[in-house]
Structure formats: structure tokens, C-alpha cells
Amino acid sequence: MAEHDSKLIHAFGALAELGQEVTNKNSFQETIRTSLHLISGALGIMRGAVARYSKFAHELNMLAIRGLGDDFPLSLVMCSEDERQFLTNGLNPIEISQAKVLPFFQVYDASFERRSLELFVPLVVRDEIVGALFLGEKATGEPYSSYEKEIVCAMGQHIGVAISQRNLMAELERRADENRAMFDEMRSTYNATVKAFAAAIDCKDKYTEGHSVRVGRFSEIIAAELAWGKDEIEGAAVAGYLHDVGKLTVERKIINAPYRINAKESAELNKHPMVGYEILQPIHHPYADVPLAAKCHHERVDGRGYPDGLLDREIPYIAKIVNLADSFDAMTTDRPYKARRPAKEVIEDLQRNSGKQFAPEIVTAFLGGMLRELNGEDRGKRFRRLLGRDYMEAEGITEKIKFTLNEMVPTTPMTYVAAASVGEASPIH
Ligand SMILES: [Fe+2]
Ligand SMILES: [Fe+2]
């Protein structure tokens, strides 16, 4: 009785360790190897194996083997009759010597007998075979007692759950990968469609070729300079690409007029923000309110813009970004009745119109980005690519931006106090 008790305590100890093993974050292979080791130790077995069942291949594939020799097959095939019988049997250990009626044991009889394998335990979890345990004879040569079989059954349950969890994880990962791939594909299709639209809009306006694409790029730069997240930056670019989509319905002769258009034509042209909103509104745009950007990109912070004459805080932020990008592109490209303006003049215009047409912090973010490129802090050449090298490197621009930024963002007053705890003066903002 005492010996029986100590064996039982030992076995329960192994079971507790096994429980911990299957719930910790070790690698799956490691968990299975340790599990086999624990079972062997608890029952005094020299040989055994744990296999995982592939229901697609109808195969038991070895995950861990102990003492069975290198020539033990790593994959064992099961037929549907075997599967049916094992499912009915559940987790109960099967005495291999008494189960020779099943095709599985007939096929592998010689292999099992040579290695003195005694017990086979199908690992059944939620009415599914997930694997199997193979256990050799005990070191003492005695047969397995019924309580030892119960222990094997309990341990088998733990291992079965570990395998089942792993299968579930693998399935989840596979689905997550599939979703990610699908999402990436949709995202690139969306972006390609947006760019195709931008090109279509620009096609209509022969004098401002590439305008929508450049406004998209400038909007992207501003969002990046404002330290927006990756998705939101992409959203800002899309808002820029599509801001003039409403021009698709405006007559070509008005858009292409090589003269200043009259009031009637101007009224027609000024409908394009609202038309753009109506075109874009039914489409779901993931990262920015693209329809509102189109509707409000001609609003001004002083309330003198159109179509609604909104005031600063009433204008969606994305529309303020697109507004600056749009105006900047208009000033820096040749128009039918107006040549592009020199960079210095454009910078002065941005400063003069800060707080009137533009939100000042968007102007400073934009000019700050330009300055970083000019003084070599940002090597992306974003502005040079869009404006041309000569334009960007015209004399005195760096100083002009520095001067403008200094005027627009005055130095914050600072007070220096002696900080006793750190032993030196610290600025307090
Ligand atoms: Fe516009
Ligand atoms: Fe525009």
C-alpha cells in the first residue's frame, strides 16, 4: 500500500508538472518532448512516442520519440476503420497485443512488437483524434495496472489539449495571414484606383498636368511633418489625390480657359467641391474623411472661402491640409495666364496668409519640412522631386524659411531657476 501511495504521489506530481508544461509559453516541440519525458519518468518506461494526427493526410506524425531507435517510422497511416474505432474508444489505453483485429495494428504489428510497445492511447479532444501516445513495456517488466492506465489516460488528455491548442493556433495564424494578404491586396487596389482617378482628373486639365498627384504628395508631406501615423498619412495623400474629383463634371473649356474666366464660368467651376463631395461620399475611405476634404478644400480659416464660408474651427483639419497643398501647387506651377512664382515670394505669401487662408501651424509644419530638406536633415528629396532642383536651390531660400519660421513661431519665453535637486539650472517652459 505504501509503495502504491508513493507511486501515486509521484504520478500526480508528474501530472501537475505536465499541466504547467502545456500552459506555459515554451515551444510546442519542447512541451511535447517534456511531456513524454514526464510520463516515462512517472511510470518507469524506457520507450515511447507522442504523435500528432493529420486528418487530411490520415497520418500520425511523430513529435517526440524515446528509445524506439532511428528506424521507427516517423509517419504511420491510419485508415477510416481505425479512425472510427479509436474515436469510439476515446482516451482509454489500448493493449496493442489484444487489438490486432484493427488494420492499423496489423500493418505495424512487427514494428511495434520488435520494440515491445504495449499501450496505444488515441488522443481524442472534442470528438476529434488529435494524436496518439505509444508506450513501451515498463522497466520492471510488469503489466500496467489499472490505476497506471488511468494516469496514462489523464496525461494523454493534457497532451491532447496541448496538440489541439497548437492546431487551433496554427489555423488562426493561417487565417490571419490570409486576411492580412487579402487586406494588403485590397489596400493596394484602393491606392491604385485612387491614383488612376487622380490621373483621370489631371487629364482633363491640360495646363495643370499632374496637379492632383502633386497635391496628394504635398498633403502627405504635411501629415508626415505633423507626425501623423502611417495610415493617417496615407489618408491625407488620398484626400489630396482626390480633392478636385468634382472637376470631372465641369466643362473642359472652363477648366482649360487660357484667360481669366468670367463670373458665370467661375460659379460653374466653384461647384466642384460640392460635386466632389457627392461623388466621394458613398465610398468608404479607411484613413481620412476624403469626401469632406474635397468639399472644404477651398474654405479659408478667416471664413472667406467657399462653398460654406466656414470659420477656422469649423473646417475639417484634413481640408486645411489639402487647402495649403492645393494653393502651394497652384503658386509653384505655370498656369495659362500666370507663370510660377519664385520660391521666396511663395514663402512670403504663405506667411502673409497664415491665419487668413491657412492654419498657421500647418504652414510652419510645411516650411519646417522644406527647411529640413534644404539643410540636409531630411535626405528624402521630397520637395526637390516635386518642384525641381533649381527651384528649390534658388539663392537665399534657406535663410528666407528660417527667418519666416522665426517670425511665425516666436521663441517661447523661458525662465531659468536653480534646481537644487539636480544641482544645475533647468529650463522651465
Ligand atoms: Fe479645387
Ligand atoms: Fe486643386
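On a predicted model such as this, the values are computed, not experimentally measured, just so you know. (Residues numbered from 1 in each chain as written. Chains lettered and ligands numbered in written order. Predicted model: local features only at pLDDT ≥ 70, side-chain atom pairs only at ≥ 80, totals over all residues. Heavy atoms only, no water.)

1. Some words on the overall build of the protein chain
Next up, step 1: When helices and strands are counted, the protein chain shows 17 helices and eight strands.
Next up, step 2: Evaluated residue by residue, the protein chain yields a buried proportion of 45% over its 429 residues.
Next up, step 3: Taking the contacts inside the protein chain whose residues are at least 6 apart along the sequence as the reference set, 61% of them involve residues at least 24 apart.
Next up, step 4: For the protein chain, the exposed area adds up to about 22900 Å²; of that, 54% sits on carbon and sulfur atoms. (Helix = DSSP H or I, 4+ residues; strand = E, 2+ residues; numbered from the N terminus. Buried < 20%, exposed > 50% of the residue type's maximum accessible area, 1.4 Å probe, protein only. Contact = heavy atoms within 4.5 Å. Areas by Shrake-Rupley, 256 points an atom, 1.4 Å probe, with all protein chains shown as cover.)

2. What about the confidence of the model for the protein chain?
Next up, step 1: The share of residues in the protein chain with pLDDT of 70 or more is 89%, and the mean pLDDT across the chain is 88.
Next up, step 2: Contacts for the low-pLDDT stretch residues 420-429, under 50 throughout, to residues beyond four places or in other chains number 15 contacts. (pLDDT = per-residue confidence, 0-100.)

3. Here we look at the sheet that holds strand β2 (residues 59-66)
Next up, step 1: As summarised here, the arrangement of the six strands in space is β3-β2-β1-β6-β5-β4, forming an open sheet in which the pairing is antiparallel. Each end of this open sheet is capped by a strand with a single partner; those strands are β3 (75-77) and β4 (94-95).
Next up, step 2: Bridging between β4 and strand β5 (residues 117-125) involves two bridges; their strand directions are antiparallel. Across the sheet, E95 pairs through a bridge with L119, a residue of β5.
Next up, step 3: In the packing of helix α3 (residues 80-89) onto the sheet, contacts are made with β1 (48-54), β4, β5 and β6 (128-136), and the angle to β5 comes to roughly 80°.
Next up, step 4: Here helix α5 (residues 146-204) sits on the sheet in contact with β1, β2, β4, β5 and β6, set at roughly 45° to β5. (Pairing = 2+ DSSP bridges. Axes fitted to C-alpha atoms, helices over the stretch in contact; angles between N-to-C directions.)

4. With respect to the coordination of the iron ion (ligand 2)
Next up, step 1: Within the protein, the atoms that donate to the iron ion (ligand 2) are H211 (NE2), H243 (NE2), D244 (OD) and D326 (OD), at distances of 2.2 to 2.3 Å.
Next up, step 2: Summarised as a motif, the one-chain spacing of the donors to the iron ion (ligand 2) is H-x31-H-D-x81-D.
Next up, step 3: Metal-to-metal, the separation of the iron ion (ligand 2) and the iron ion (ligand 1) is 3.5 Å; D244 coordinates the two. One end of the pair, H211, is in helix α6 (residues 211-225); the other, D326, is in helix α12 (residues 317-332), with 115 residues separating them in the sequence.
Next up, step 4: Under the relative-accessibility criterion, D326 is labelled buried at 8%. (Donors = N, O, S within 2.8 Å, 3.2 Å for Na, K, Ca; no water.)

5. Focus on the coordination of the iron ion (ligand 1)
Next up, step 1: Looking at the iron ion (ligand 1), the protein donor atoms are D244 (OD), H272 (NE2), H297 (NE2) and H298 (NE2), and they sit 2.1 to 2.3 Å from it.
Next up, step 2: Angles of 83 to 170° at the metal separate the four donor atoms of the iron ion (ligand 1), which places the site in the irregular class.
Next up, step 3: Expressed as a motif, the donor residue spacing for the iron ion (ligand 1) is D-x27-H-x24-H-H. (Tetrahedral: all angles 85-135°; square planar, octahedral: opposite > 155°, others 65-115°.)

6. Concerning unusual backbone geometry
Next up, step 1: With an omega of 10°, the peptide bond running from Y306 to P307 counts as cis.
Next up, step 2: With respect to the helices and strands, the residue P307 is situated in the loop between α11 (290-296) and α12.
Next up, step 3: One non-glycine residue, S116, adopts positive backbone phi at about 50°.
Next up, step 4: Turning to its location among the elements, S116 is positioned in the loop between α4 (103-114) and β5.

7. Brief notes about the nonpolar core
Next up, step 1: Core analysis: the largest hydrophobic core is formed by 56 residues, its most contacted members being F218, L324, F328, L350, F366, F383 and I401.
Next up, step 2: Ranked by residue count, the leading element in this core is α12, at eight residues.
Next up, step 3: Excluding anything up to four places from it in sequence, I401 contacts I347, L367, M370, L371 and L374.
Next up, step 4: With 26 residues, the next largest nonpolar core counts I32, L91, L133 and Y144 among its residues. (Core = buried A, V, L, I, M, F, W, Y, C linked by side-chain atoms within 4.5 Å.)

8. Describing the packing of helix α14 (residues 360-374) against helix α17 (residues 397-408)
Next up, step 1: Two elements in contact, α14 and α17, have axes whose closest approach is 10 Å; the angle formed by their N-to-C orientations is 150°. Of the possible angle classes, the one that applies to α14 and α17 is roughly antiparallel. Two packed elements cross with a definite hand, and for α14 against α17 that hand is left-handed. For the pair formed by α14 and α17, the contact residues are P360, V363, T364, L367, G368, M370, L371 and L374 on the first element and I397, T398, I401, K402, T404, L405 and M408 on the second.
Next up, step 2: For the contact of α14 with α17, the residue count by class is 10 nonpolar, four polar and one charged. (Parallel < 35°, antiparallel > 145°, perpendicular 65-115°, else oblique. Left-handed = near helix turned anticlockwise from the far one by under 90°. Nonpolar A, V, L, I, M, F, W, Y, C, P; charged D, E, K, R; others polar.)

9. Quick look at the pairing of β2
Next up, step 1: As paired elements, β1 and β2 share seven bridges and run antiparallel to each other. Along β2, the bridge assignment pairs A51 with M62.
Next up, step 2: The hairpin turn running from β1 into β2, its antiparallel successor, is four residues long, and H58 in that turn takes a positive phi close to 55°.
Next up, step 3: Sheet topology places β2 next to β3; three bridges connect them, and they run antiparallel.

10. Topic: the pattern of salt bridges
Next up, step 1: What the rule picks out here adds up to 32 salt bridges.
Next up, step 2: For K138, the salt bridge goes to E148, with nearest N and O atoms at 2.8 Å. One end of the pair, K138, is in the loop between β6 and α5; the other, E148, is in helix α5, and 10 residues separate them in sequence. Pair check on accessibility: K138 and E148 agree, each one buried.
Next up, step 3: It is possible to trace a salt-bridge network through shared partners that takes in E171, R174, R175 and E178. (Salt bridge = Lys/Arg side-chain N within 4 Å of Asp/Glu carboxyl O.)

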